[in-house]
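Observations on the model geometry
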Amino acid sequence: MSDVVERTLSALPGLLGQHDPGAGPGGAGGPGRVSASSRLGSLIRSITALTSKHEEEKLIQQELTSLKATVSAPSTTLRLMKECMVRLIYCEMLGYESSFGYIHAIKLAQQGNLLEKRVGYLAVSLFLHENHELLLLLVNTVVKDLQSTNLVEVCMALTVVSQIFPREMIPAVLPLIEDKLQHSKEIIRRKAVQALYKFYLIAPNQVQHIHDKFRKALCDRDAGVMAASLHIYLQMIKENSSGYKDLTGSFVTILKQVVGGKLSADFNYHSVPAPWLQIQLLRILGLLGKDDPRTSELMYDVLDESLRRAEINHNITYAILFECVQTIYTIHPKSELLEKAAKCIGKFVLSPKINLKYLGLKALTYVIQQDPNLALQHQMTIIECLDHPDPIIKRETLELLYRITNGQNVIVIVQKMLDYLKESQEEYAIISLVGKIAELAEKYAPNNEWFIQTMNAVFSVGGDVVHSDIPNNFLRLLAEGFDDEKEDHQLRVYAVQSYLALLEEEDKLYPQKFLQVMSWVLGEYFSLVTDVDPEVILTKLHSLLKKSFVTSETKAWIMAAATKIASHTSCSKTVDEIIQELSSSLDTCLRQYAFELKHLCEDKALMKTLLPFDASCSDLVVDASLSFLDGFVAEGLAHGAAPYKPHHQRQEEKLSQEKALNFEPYGLSFASSVSSSGVTGRQSPTGLSFGSDISGNSAETGHKETNTLKLEGVRKLWGKEGYLPKKENKTGKENEPQPVPCGSLLAGQVGEAPALQPEQGASLSEEDKEKQQLASTLFIGLGSSAGVSLMGKADTATQKFKRKSKITETQQLSEEASDFQNSAASNFDPLLDTIPVNVEDSEGSMHTGLRKGSPSSSDTVEDNLAFETPQSLRKSVLDDRISANRLSQSSLFADNNIEIFQPSSSAQCESASETPLVPSLPEELEELPHSKVVGLCQSDALALHLCKVWTDESLLLIVFVSNKTTAALHAVNLVFEETEHFQILESATSHFPVIEAQSVEHCQKCVRMNKVCTQAVLPASVGYQSEMETCLEFSVTLSLMDFIRPMEMTTEDFGKLWLSLSNDVKQNIKMSPCQDSLSAALDTLQQKLKLHRVDVIGNEGILACQLLPCVPCLLHCRTHSGMLALWFRSPCAALPDGLLYQCQKVMEES
Amino acid sequence: MIHFILLFSRQGKLRLQKWYTTLPDKEKKKIIREIIQIILSRNQKTSSFVDWKDLKLVYKRYASLYFCCAIEDQDNELLTLEVVHRYVELLDRYFGNVCELDIIFNFEKAYFILDEFIIGGEVQETSKKTAVKAIEDSDMLQETVEEYMNKPAF
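Residues numbered from 1 in each chain as written. Chains lettered and ligands numbered in written order. Predicted model: local features only at pLDDT ≥ 70, side-chain atom pairs only at ≥ 80, totals over all residues. Heavy atoms only, no water.

A few words on the overall build of chain B. The number of helices and strands found in chain B is 5 helices and 7 strands. The N-to-C order of helical and strand elements in chain B reads β-β-α-β-β-β-α-α-α-β-β-α. Evaluated residue by residue, chain B yields a buried proportion of 63% over its 154 residues. Sequence separation of at least 24 residues holds for 50% of the intrachain contacts in chain B that already meet a minimum separation of 6. Counting only carbon and sulfur atoms, one obtains 50% of the accessible surface of chain B, whose full area is about 6,200 Å². (Helix = DSSP H or I, 4+ residues; strand = E, 2+ residues; numbered from the N terminus. Buried < 20%, exposed > 50% of the residue type's maximum accessible area, 1.4 Å probe, protein only. Contact = heavy atoms within 4.5 Å. Areas by Shrake-Rupley, 256 points an atom, 1.4 Å probe, with all protein chains shown as cover.)

Encoded structure:
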């Protein structure tokens, strides 16, 4: 094989041994450093010697061919392979693909000795990406090396794991890596933490159970290990800062020690102790202290010290200072620190070094929202930076100005931004800047002309890269109008006029989006401009339609505009021409428009009603339930047509045809009655509302949908004050220092742009004067103390583009809707009570039954009256229900030894003696499996207790509200917040009009888990009226296990279902000696996790359970040599992870 | 987090690339070309930072070699400059007065050192002692390399 290589080499005679032209004096290097004799060396040399790209390509192709032959030859030694790999890496770096070598890189990592393995691993990490299929072949090698006794091998394996590792293979190495956390060598511990950090990033669910070990790593005696764990903590705290507040003290202590120089000098970088570590800690503290005065209190001292210690004039100290400043301005403010931080920013901004200046601007931009005075202090620097040759400085300055824009300086600032925009080439910069200009224009426009012109500039400069929100918002603004009718009119007239003027220029190319905006506005508002003949506008549109640069999408907009205009003119020649031309267009869409227009023109009256003037904002009532088709559908069904099945149901049925397992209780509604209301019920998303429920809801669903429709899909981006998500609370403004000189400076400025300081002003050059003038226009209206009165006035005058608030309207609507709901409920309830016997086990009716059983929710007297008559009937129904529940319960837990908490009478007595207000479950719930009644929160007047009831269909949260006072409490309102994880069925609030003294009321909420998680909190609050409005906040912790129920099935069903499921997770866990047999393990799982044991065959067992309402999860267990191999499958990807975690927990506990 | 690190010469030749985010190869090539062009065309008096898409490029020139990192907006630019400097220090320590040629001919060693220092786009080691230890490890390997190189290979 080497003869191929020889040939390659002989093809490059004379190049070997030649001196590299770029080699310079240091080129020779140390002895043996540049191994000139190696193949790589000669390759590199020959490539450097080449002059053209073409030659290089030829040479590399030759090289690759020879490499390909070498690596695939069986006789190639690993040593040679290693050499080849290095050359392959080199070729890849030059941009030539060498995928034939990837598999050999993996082989080298597997088979080579230390040195070769190292190159193999390096090649793998450089060649492959995270999702590369070949990566799976690496897993075994990694597992083997992790178990190696050679430290270097373990190190290499850990390094490669923390660089790339396939997500689905994590379980294979996780236990090994966990073990390494206890390794005696700190380098191994550190690398293990790094690997876990990687796992946390790609699959957070899988490392949930090792959070305790992270804490151990944080307390590691080696600073390197501790530093590595901070990466994980930063990430976790970013996601959920409230969960780690207890660690604040530790972080503060660590930072104190680092800043105080307690670490070994090894960690110094340019005599600054562990700067990377410091910055990491500062960031963590910032996240923890945000909006939390108590936690912030703990860190003031150490932040002060950090600021003080960072005094050496070196980049690294400035980097630390910058983080310090950011942290100080992020956490709950303390005036003393803010003052110091502000001084610090001055150091940056005034520095002659351009890098520091940039960072200073960045810091200013960050803090400016909280303290606009700082901008005033540095205004001259800011002005200078505005014309800085370095674009990044310019852009950061504009960002800063953007944050201090107000009604008075908007014109100057937007002008500056537009100037920059015109120079800018980069698409990304244009998009972000255009968005900002549009936002400012909308928020602070001083007058109509300016607004329209600015928006015109935005559309024409921004071109088609602008975010589609911008034209949409602009059109909405025009259409919805503001509080003032006259203003609206003027704005629209001006818009139409300016577009007509723009279209006057015949051959100008406008971006598509701009043309679309123009045509919409012209179509909608052309008639407002009385002095222009519609025919003229039509001609212009017509000429646009003929242009080739106009896309067909834009042409559709233009056609729509033309149609609107045509509806207001009696026969027009241009319209006829348009119809004629486009009727034969190749674009089907345009052709259709043309035909529509043609037909509409024939019936002007219809056209007028179809296209009313200025009706873009009136709400269309859409009957989303399509109830008008009900009659038709009912008729079809009566004639024997098959009922409609939604797509997913049809698919499921297809799947389950062989399995005969249907988890979705569809089709039941048709069983009770094929009525029109039953048909609309298909809208119900849960599939759990049956018969009677539907008859109560059908009309209402339609109604509700028409109300909410217009809000859906339309993000409420803009509010009264402008861009909504950007609005951040400005806490602690009153605490901030108010430098006195600044205030007075400002007072002078707000007037007629006077010179800054009169005595200096005399000596100022022309240019400086200009700058100062600019400053006074830019920074006008900033600051708080002196500017307040002026600003207040200005604000009311300039906040022109206030959107008419639609919120109150919708509130009213939703109130109406809920009224309607209530009345509907009360109307139907008696009816419901008489029939629920037909709808056994229907959850909805059961709840109503229970709810009505407690007097708390029957609001009105009528309700009570209505219920008096069917009392006895209902009672019997309730009894039925109870027995039914008993039945279901026993079926649920038949042959399951699940621990069910049955409160003994003695326990009840005991707790009763503590407080007279111990709530107990209503009788009908007492029978169901439930948790202990635990206290949630207390205030002087109220105590809340909670009990979880695990029914077959759902988790019921029973909340007891006890009045501890001697007077009645009024208007008690219990509200649960919906989170991403949980959904509360029916309403999330409960209202008790009155709770008598010393009495207990309760309500129940039915909760579903929407997004799988092992544990999450459901926040809630209770408000009540005693002497004043009081609100108590509390939260309920719900675990995945609250929503898991056993699922009964036969072994056969299991097998079929198993094959149809795709998401699987496998894990081996160690079994403790006391439960070494399979049956013992299965018992544990069955008891603790409520899994249903389907079958046991030999050393294998299968279990099944479901996540409510009906997501199955199957588990296959096998024992071998003291290990329990768990294999989960489920249609939901996150469920197996969650269950695995629970399994590990219970197996460890037992 | 650092998204990628590029080392390239004043002539625009790529010397080392390390990616911490997954991108298709085509995209990578395009980015490399674009960035080398942007940075080489900057004049000496400008800052060391460039806006690039939604990322920031932080670069520094050491003799004939440019070191360039792409970082996110919330990252600290100055700190990244020091990351580069620290890396150069480590290289210097390993090669002894490092020059571009050392990196050209021993780029795999440069990768090893980088992997000890930055993992997943985050700086991992701030202790010189441990860094030195890692370098010693590779020195141990280096010896064997030399032994190997000194032997006639074929």
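Turning to the overall build of chain A, a few remarks are in order. The number of helices and strands found in chain A is 50 helices and 19 strands. The buried share of chain A, reckoned over its 1150 residues, is 52%. Taking contacts inside chain A between residues at least 6 apart in sequence as the whole, the part at least 24 apart equals 67%. Entry remark: accessible area of chain A is about 53,000 Å², with carbon and sulfur atoms responsible for 53%.

Across the boundary between the two partners, chain B contributes 68 residues, which contact 71 residues of chain A. Carbon and sulfur atoms make up 59% of the surface buried where chain B meets chain A, a total of about 6,600 Å² over both sides. In this structure, the connection of chain B to chain A is made through 4 salt bridges. Put simply, Asp390(A) and Arg42(B) hold a salt bridge, and the shortest N to O gap is 3.2 Å. Where chain B meets chain A, there are 20 residue pairs in polar contact (both at pLDDT 80 or more). Mapped onto the side of chain B that touches chain A, the elements with two or more residues apiece are strand S2 (14–19), helix H1 (25–40), strand S3 (49–52), helix H2 (77–95), helix H3 (100–105), helix H4 (107–117), strand S7 (122–123) and helix H5 (128–150) of chain B. (Buried area = accessible area lost by both parts, 1.4 Å probe. Salt bridge = Lys/Arg side-chain N within 4 Å of Asp/Glu carboxyl O. Polar contact = N/O pair within 3.5 Å; in protein donor to acceptor, adjacent residues only side chain to side chain.)

A few words now on empty space enclosed by the protein. Remark: the empty space left among the atoms is shown by a probe the size of a water molecule rolled over them. Inspection of every chain in the model, using the stated rule, returns 18 cavities of 30 Å³ or more. Each pocket or cavity is described by its volume, and for the largest cavity that value is around 290 Å³. Around the largest cavity, the lining is made up of 22 residues, and of these Trp276(A), Gln280(A), Leu79(B), Glu122(B) and Val123(B) lie nearest the centre. Among the secondary structure elements, those contributing two or more residues to the lining of the largest cavity are helix H12 (223–239) and helix H14 (275–289) of chain A together with H2 and S7 of chain B. Ranked by residues supplied to the lining of the largest cavity, first place goes to H14(A) with 5 residues. Residues that form the lining of the largest cavity fall into these classes: 12 nonpolar, 7 polar and 3 charged. (1 Å grid on protein atoms, 1.4 Å probe; cavity = no way out; pocket = protein on both sides within 12 Å on 5 of 7 lines; lining within 4 Å. Points joined across faces, edges and corners; volume = space filled by probe spheres on them. Nonpolar A, V, L, I, M, F, W, Y, C, P; charged D, E, K, R; others polar.)

Another point: the pairing of strand S8 (residues 969–976) of chain A. Pairing analysis gives 6 bridges linking S8(A) to strand S10 (residues 989–995) of chain A, with the strands arranged antiparallel. Residue pairing for S10(A): Asn973(A) is matched across the bridge by His991(A). (Pairing = 2+ DSSP bridges.)

A separate point is the side chain of Ser1021(A). Residue and element names in this part refer to chain A. In this fold, Ser1021 is placed in strand S12 (residues 1015–1025). Judged by its relative accessible area of 16%, Ser1021 is buried. Aside from chain neighbours lying at most four places away, what touches Ser1021 is Asn973, Leu974, Val975, Cys1031, Leu1032, Glu1033 and Phe1034.

This part covers unusual backbone geometry. Residues and elements named next belong to chain A. A positive phi angle, near 55°, is found at Ser271, a position not held by glycine. As for its position among the elements, Ser271 is in the loop between strand S1 (268–269) and strand S2 (272–273). Residues other than glycine seldom take positive phi values, yet Asp291 does so here, at roughly 55°.

Our next topic: the packing of helix H20 (residues 379–386) of chain A against helix H21 (residues 391–403) of chain A. All names here are of chain A. Running from N to C, H20 and H21 point in directions that differ by 130°, and their axes come no closer than 8 Å. Judged by the angle between their axes, H20 and H21 are oblique. The crossing of H20 and H21 is left-handed. Of the residues in H21, those touching H20 at Ile382, Cys385 and Leu386 are Ile393, Lys394, Thr397, Leu398, Leu400 and Leu401. (Axes fitted to C-alpha atoms, helices over the stretch in contact; angles between N-to-C directions. Parallel < 35°, antiparallel > 145°, perpendicular 65-115°, else oblique. Left-handed = near helix turned anticlockwise from the far one by under 90°.)

Here the focus is the confidence of the model for chain A. Per-residue confidence for chain A gives a mean pLDDT of 75; residues scoring 70 or more make up 74%. Confidence over residues 784–800 of chain A falls short of pLDDT 50; this stretch has 25 contacts with residues more than four positions distant or in other chains. (pLDDT = per-residue confidence, 0-100.)

What follows deals with a negative patch on the surface. Side chains of Glu384(A), Asp387(A), Glu766(A), Glu767(A) and Glu770(A) sit close together on the surface and give a patch of like negative charge. By secondary structure assignment, the location of Asp387(A) is in the loop between H20 and H21. (Patch = residues over 30% accessible without salt bridge, like charges linked within 9 Å, V, L, I, M, F, W, Y side chains within 5 Å. Lys, Arg positive; Asp, Glu negative; His and termini not counted. Charge placed at Lys NZ, Arg CZ, Asp CG, Glu CD.)

A word on the pattern of salt bridges. Considering all chains together, one arrives at 31 salt bridges over all chains under this definition. Between Asp51(B) and Arg395(A) there is a salt bridge, and its shortest N-O distance comes to 3.6 Å. Taken together, the residues span two chains, with Asp51(B) in strand S3 and Arg395(A) in helix H21. Under the relative-accessibility criterion, Arg395(A) is labelled buried at 17%. Its salt-bridge partner being Asp73(B), residue Lys56(B) comes within 2.6 Å of it at the nearest N-O pair. In this pair, Lys56(B) sits in strand S4 (residues 55–62) while Asp73(B) sits in the loop between strand S5 (65–71) and H2, placing the two residues 17 residues apart along the sequence. With relative accessibility at 45%, the residue Asp73(B) sits in the partly exposed group. Sharing partners across several salt bridges, the network here consists of Lys362(A), Lys56(B), Asp73(B) and Glu77(B).

Attention shifts here to the pairing of strand S1 (residues 2–9) of chain B. The side chains of a regular strand alternate, first on one face of the sheet and then on the other. All names here are of chain B. The buried fraction of S1 amounts to 8 of the 8 residues, a majority that puts the element mostly inside the structure. Bridge count between S1 and S5: 7 bridges; the pairing is antiparallel. Note that in S5 the partner of Leu6 across the bridge is Cys68. Here S1 folds back onto S2, and the loop between the two strands holds 4 residues, one of which, Gly12, carries a positive phi near 85°.

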